[in-house]
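Observations on chain architecture
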Amino acid sequence: MTSQATALQRASLELVIDRSGRQPRLKGWMFFTVVVVAAFMLLIYSRVALDSSAFVLNDLEGQIVTEETRYWELRLQVAEMQSPQRVSRAAEGLGLVYPTERTTLEVAGVEPAGTDIDDRWADLKALLSAQP
Amino acid sequence: MGRRPWVSPDARLVAIGLALLLAWTAIGLRLFHIQGAAAEEYAARGVDQRLRTEVLAADRGTIFDRDGHELAVTVDAITVYANPRQVVDPVQTARAIGPYVGMDPGLLTGLLRKDAGFVYIARQLERRKAEPLRDLELPGIYFTEEPARTYPSGPLAASVIGFVQTDDNQGLEGVEFAFDEVLTGVPGQLVVERDAAGRVIPLGEYQVIPAEPGGDVILTIDREIQFETEQVLAETVERFGALGGTAVVLDPSTGEVLAMANFPTFDPNSRANYEFGTYRNRAVTDVYEPGSTQKLITVAAAIEESVVRPADIYKVPVELPIHDTTYSDEATEARAMTVSDIVAYSSNVGTILIQADLGNEALYRYIAAFGLGRAPGTGFPGETAGVLHPVDEWCVATCGPSTAIGYGVSVSALQMAAAFGVVANNGVLVQPRLVREVVAADGSRLPSVQIERTAVSARTAAEMRLMLAGVVEKGTGRQAAVAGYRVGGKTGTTRKYDETVGDYGDNVISSFIGIAPIENPRLVVAVVIDSPAGGEFGGQVAAPAFSQIALSALHQLGVPPNGE
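Residues numbered from 1 in each chain as written. Chains lettered and ligands numbered in written order. Predicted model: local features only at pLDDT ≥ 70, side-chain atom pairs only at ≥ 80, totals over all residues. Heavy atoms only, no water.

1. Comments concerning the overall build of chain A
To keep it simple, the criterion reads: Working definition: helices are DSSP H or I runs of at least four residues, strands are E runs of at least two. Numbering for both runs from the N terminus. For each residue, the accessible area found with a 1.4 Å probe, counting protein chains only, is set against the maximum for its type, and the residue is called buried under 20%, exposed over 50%, and partly exposed in between. The Shrake-Rupley method, run with a 1.4 Å probe sphere, supplies the accessible areas, and residue values consider only the shown protein chains as cover.
If you tally the helices and strands in chain A, you get 4 helices and 0 strands. The proportion of buried residues among the 132 residues of chain A is 11%. Surface summary for chain A: the accessible area is close to 11,700 Å², and the carbon and sulfur share equals 63%.

Here it is as structure tokens:
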């Protein structure tokens, strides 16, 4: 083949760019990138959410401790206020005195006040079981 | 000028290569050491830097009275301490702290100027007082949690409850000591990951071995009866200028101690302000010679053995010399007395005559059967068994007579209350108890066991109760009468043995032990007063105290008056 013939043959050739063949590969990469970024963001978000939940839990635990302390302080206050010494002093302060004479009333059909301690303990235990 | 020797470039490259090789080999070896051979050690060091193990103190159990009133509780508290080397301005810091901890700023300044790395500022401060102080964020001032044991009723039943050591809440006296193992619980552990600043790393390492809280102890003590008993005892001791006193209130059918009071006493919340001797529960730990209250056992033994009957008459002289001792009564002339009269008027000579018919062996057997010479079994620390020598060690002539009237034998107030409980409880001795039950942290309850054994027959016990009523109605214990109730009891007055002199001195122990009501006994009350100055006899000193305590306790228990 002569060089002239070759030149003619080249001139008849046309450069064809197949755009449809390259476009899907770019989309795939973009999709992959978006998924990775989204997963990463989700991971960060979940980590932050977990961390903030831990802080909230920490705060709640602190509140529980504070309230439990308050509960015991109140129980102590109640016990101190019910103490016979304090009641006696308060009664004396109010001018109360022991009676010099005692009168016993007998009411038909009414039993004397009992001292069934177990019944009283049942009530108390129910009360104590409500404590934190 | 010489020329530097020529070194070929190849030789230099070899030298550099060798140096690099050596360096990399050294690094590699070090890496192998760190990552391989010593990996575990370095990993452990890393963990140590991040992880903190903290002991979680177990909550100490509560001590309740029989009705569920708190007598000893543990509350959260904060201890304030300082590192004086880090305190910038001791004077200003002391002024700032003073009002919160209730200390003089001058004293505080001295503490903060110490050349030390640690000083306590205030131990176990209430949280509400400590929190504002913490908010001041003063340099060198630190805070730590330290639970505090508190006794909300102050000195009430202090010698029974006892107290704990401030540092570690370990029981040192009383029920706090005796039941320390139950009350303490098991400490837990907290393993937590912290950053360089000491803050907890969220989602870091976090392991908790929870502490097991201690159990609760429920006493047999009735708070109101205890209070009234303490009040009456204190008034009696002060009125008669006595050295001290003890009172015990016992439920004879169950052996439960409703009140146990000692005077002088102390406040466990501020025990450092009281003398060491006041901590003792004398009703359980101290002994005395029971004197005439012992006659109850002597006469009961004689009746039980059918040696005498209550109406039998003895001709009782004023004095009775035996060997080197002369026993006497307050009477001025010889009397014909029934056995009941001998008890009612507390005749020493009459009782010795009865004992002569009974014999030493039987007397000893019954004294032991009434619980003397043996620890009552409450489990209280330092509980005494008293002194009761075996009968084969008794002297031939005077030991029997002396023991019959309450000398030569030593008892605690609790033992004597339990012995009178035999008569109140139809002849059955019930072991006295101070603890009603133990409630574990899981709510399971372990009641104390009632132990009883028969000492005399119910008939003998009933006859003795009538004789004891005679003591109050016509005899030496008239001041023990209780308005609205028929009661009985026995007076006792014993010369105190003076160890420094080696003989009996002028001081006496005045006592009265009684039963109320006498027909259907609900209480035994023992009152023992040590060395009263204003009146010697049990009937004058201790009997009025019995009357007040018994009346108050009967009302508290809801026992209706019998109208007599």
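2. Some points on the nonpolar core
Residue and element names in this part refer to chain B. For clarity, the cut-off: Side-chain atoms within 4.5 Å are what join buried Ala, Val, Leu, Ile, Met, Phe, Trp, Tyr and Cys residues into a set we call a nonpolar core. Here, residues are in contact when the closest pair of their heavy atoms is within 4.5 Å.
Judged by nonpolar contacts, the single largest core of 91 residues is most densely connected at L219, V248, M260 and F370. The element best represented in this core is helix α16 (residues 413-424), accounting for 10 residues. Apart from residues lying up to four places away in sequence, M260 is in contact with V160, I221, Q226, A247, V248, N281, A283, V284, L414 and L434. Counting residues in hydrophobic clusters, the runner-up holds 36 residues, among them L233, V541, A543 and A545.

3. Digging into the packing of aromatic side chains
All names here are of chain B. Rules: Any pair of Phe, Tyr and Trp rings, taking the six-membered ring for Trp, is counted once the centres come within 6.5 Å. Such a pair is stacked with planes under 30 degrees apart, edge-to-face with planes over 60 apart, and tilted for the rest. Counted as over-ring charges are cases with an Arg CZ or a Lys NZ within 6 Å of the ring centre that also lie within 35 degrees of the ring normal.
This model, assessed by the stated rule, comprises 13 aromatic pairs over all chains. Judged by centre distance (5.4 Å) and plane angle (85°), the rings of Y407 and Y504 are edge-to-face. One end of the pair, Y407, is in the loop between α15 (399-404) and α16; the other, Y504, is in strand β22 (residues 503-516), and 97 residues separate them in sequence. Assessed through its relative accessible area of 35%, Y504 is described here as partly exposed. Here the aromatic residues Y81, F118, Y120 and Y142 are joined through ring pairs into a cluster of three or more. A cation over a ring is seen here: R123 above Y120, with NZ or CZ 4.1 Å from the ring centre.

4. Description of the sheet that holds strand β5 (residues 119-126) of chain B
Residue and element names in this part refer to chain B. As a reminder, the rule being used: When DSSP finds two or more bridges between two strands, those strands count as paired. Orientation is described by lines fitted to C-alpha atoms, with helices fitted over the stretch in contact, and by angles between N-to-C directions that extend from 0 to 180 degrees.
On the basis of which strands lie adjacent, the open sheet formed by 3 strands has the order β5-β4-β6 and antiparallel pairing. One side of each edge strand has no neighbouring strand; the edge strands of this open sheet are β5 and β6 (141-145). Put simply, the sheet's adjacent strands are angled 25° from each other on average, direction ignored. Inspection of the sheet shows strand β4 (residues 77-82) paired to β5 by 5 bridges, in the antiparallel sense. In the sheet register, A82 faces β5, and the bridge partner there is V119. In this fold helix α3 (residues 90-101) packs onto β5 and β6, with an angle of close to 30° to the strand it touches most, β5.

5. Quick look at the state of the cysteines
Residues and elements named next belong to chain B. Which entries qualify depends on this criterion: Cysteine sulfur atoms are paired as a disulfide whenever they come within 2.5 Å of each other.
A full pass over the atoms with the stated rule returns 1 disulfide over all chains. Here C395 engages in a disulfide with C399; their sulfurs sit 2.2 Å apart. For the disulfide bridge between C395 and C399, the dihedral angle about the S-S bond is near 115°, and by the sign convention the bridge is right-handed. Relative accessible area serves as the criterion here: at 22%, C399 is assigned to the partly exposed category.

6. Considerations on empty space enclosed by the protein
Residue and element names in this part refer to chain B. Our working rule: Points on a 1 Å grid, built from protein atoms alone, make a cavity when a 1.4 Å probe fits but cannot get out and make a pocket when they are open with protein on both sides within 12 Å along at least 5 of 7 lines; residues with an atom within 4 Å of a point are the lining residues. Grid points are joined across faces, edges and corners, and a volume is the space filled by probe spheres set on the points. For this scheme, ten residues count as nonpolar: Ala, Val, Leu, Ile, Met, Phe, Trp, Tyr, Cys and Pro. Four count as charged, namely Asp, Glu, Lys and Arg, and the remainder, Gly too, count as polar.
If you walk through the whole model with that rule in mind, you get 1 cavity of 30 Å³ or more. Estimates place the volume of the largest cavity at around 30 Å³. Lining the largest cavity are V175, A178, F179, T378, G379, F380, L434 and V435. Of the residues in the lining of the largest cavity, the class split is 6 nonpolar, 2 polar and no charged.

7. Concerning the packing of α3 of chain B against helix α5 (residues 127-135) of chain B
Residues and elements named next belong to chain B. We apply this condition: Here roughly perpendicular refers to angles of 65 to 115 degrees, roughly parallel to angles under 35, roughly antiparallel to angles over 145, and oblique to all remaining angles. With the far helix as reference, a near helix turned anticlockwise by less than a right angle produces a left-handed crossing, and one turned clockwise produces a right-handed crossing.
Where α3 contacts α5, the axes come no closer than 9 Å and their chain directions differ by 165°. In terms of their interaxial angle, α3 and α5 are classed as roughly antiparallel. α3 and α5 meet at a crossing whose hand is right-handed. Mapping the contact onto sequence places I97, Y100 and V101 in α3 and K129, P132 and L133 in α5. Of the residues contributing to the contact of α3 with α5, the split by class is 5 nonpolar, no polar and 1 charged.

8. A word on a nonpolar patch on the surface
The cut-off we apply is this: Like charges are joined within 9 Å and nonpolar side chains (Val, Leu, Ile, Met, Phe, Trp, Tyr) within 5 Å, but only among residues with over 30% relative accessible area and no salt bridge; these make up the patches. Every case where a carboxyl oxygen of Asp or Glu lies within 4 Å of a side-chain nitrogen of Lys or Arg is listed as a salt bridge.
Together, V37, F40, M41, L43, I44 and V48 of chain A give the surface a local cluster of nonpolar side chains, amounting to about 580 Å² of exposed area. Position of I44 of chain A among the secondary structure elements: in helix α2 (residues 19-82).

9. Topic: the pairing of strand β8 (residues 188-193) of chain B
Residue and element names in this part refer to chain B. By the criterion of burial, β8 is predominantly enclosed, with 5 of the 6 residues buried. As paired strands, strand β1 (residues 51-56) and β8 are joined by 6 bridges and run antiparallel to one another. By the bridge assignment for β8, L51 is matched with E193. As paired strands, β8 and strand β9 (residues 206-209) are joined by 4 bridges and run antiparallel to one another. Each residue of the ladder has a partner; that of V191, found in β9, is Q207.

10. Points about the sheet that holds β9 of chain B
Residue and element names in this part refer to chain B. The antiparallel open sheet is built from 3 strands, whose spatial order is β1-β8-β9. At either end of the open sheet lies a strand with only one pairing partner, and these are β1 and β9. When the angles between neighbouring strand axes are averaged without regard to direction, this sheet yields 15°. Contacting β1 and β8, helix α2 (residues 39-50) runs over the sheet at an angle of about 55° to β1.

11. Examining the interface of chain B and chain A
Spelled out, the test is: What gets called buried area is simply the loss in accessible area from a 1.4 Å probe that two parts show on being joined, summed for both. Polar contact is defined as a pair of N or O atoms within 3.5 Å, subject to the rule that within protein one atom must be able to donate a hydrogen and the other to accept it, and that residues adjacent in sequence are counted only when both atoms are side-chain atoms.
Taken together, the contact between chain B and chain A spans 37 residues of the former and 31 residues of the latter. Summed over both partners, the interface of chain B with chain A buries about 2,900 Å², with 58% contributed by carbon and sulfur atoms. Summed over the shared surface of chain B and chain A, the result is 1 salt bridge. Our count for the chain B to chain A interface comes out at 4 residue pairs in polar contact (both at pLDDT 80 or more). Looking at the side of chain B that touches chain A, the elements with two or more residues in it are β3 (70-75), α5, α9 (223-239), β18 (435-439) and α18 (538-556) of chain B. Residues of the side of chain B that touches chain A, tallied by class, amount to 16 nonpolar, 8 polar and 13 charged.

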